[in-house]
Amino acid sequence: MSVTLTYTTRSYKEILDADPQPGETITVASISATRKLKEDSQRNVLISVSLPLNSNTFVLLAKEKYKDIFNQMLSTLILLP
């Protein structure tokens, strides 16, 4: 399983506006985040979770076939100050 973690200086709003499809609001590490399904260039379905942190954003990606493991990772994620 591969999980991609991206830390960007783009704002949470910019990330969400770049992909106009609706997402699902979830809670990750006590922070409100957005989960969306996407498709990559090889037609793999990916789960994308955008997580705002101050003026920056974490984006986590995983293949949908690993959603159970990915959800477990998200449910146990701890962000340190």
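Going by the structure above, here's the rest.
Colleague: Provide a residue-level description of the overall build of the protein, including the pertinent values.
Modeller: Check the secondary structure of the protein and you find two helices and five strands. The helix and strand sequence of the protein, counted from the amino end, reads β-α-β-β-β-β-α. Sorting the 81 residues of the protein into buried and exposed places 30% on the buried side. Sequence-distant contacts, at least 24 apart, represent 39% of the contacts inside the protein between residues at least 6 apart. As displayed, the protein offers around 5,500 Å² of accessible surface, 52% of which is attributable to carbon and sulfur atoms. Here the protein contributes 9 positive and 8 negative side-chain charges, whose respective centroids are spaced 2 Å apart.

Colleague: I'd like a description of the sheet that holds strand β1 (residues 3-8), backed by residues and values.
Modeller: Across the sheet, which stays open at both edges, the five strands sit in the order β1-β5-β4-β3-β2 with antiparallel pairing between neighbours. Taken across any chain shown, the strands that pair with only one partner, and hence form the sheet edges, are β1 and β2 (24-28). Strand-to-strand twist in this sheet, taken as the mean axis angle between neighbours without regard to direction, amounts to 30°.

The rules behind the values
- Residues numbered from 1 in each chain as written.
- Predicted model: local features only at pLDDT ≥ 70, side-chain atom pairs only at ≥ 80, totals over all residues.
- Heavy atoms only, no water.
- Helix = DSSP H or I, 4+ residues; strand = E, 2+ residues; numbered from the N terminus.
- Buried < 20%, exposed > 50% of the residue type's maximum accessible area, 1.4 Å probe, protein only.
- Contact = heavy atoms within 4.5 Å.
- Areas by Shrake-Rupley, 256 points an atom, 1.4 Å probe, with all protein chains shown as cover.
- Lys, Arg positive; Asp, Glu negative; His and termini not counted.
- Charge placed at Lys NZ, Arg CZ, Asp CG, Glu CD.
- Pairing = 2+ DSSP bridges.
- Axes fitted to C-alpha atoms, helices over the stretch in contact; angles between N-to-C directions.

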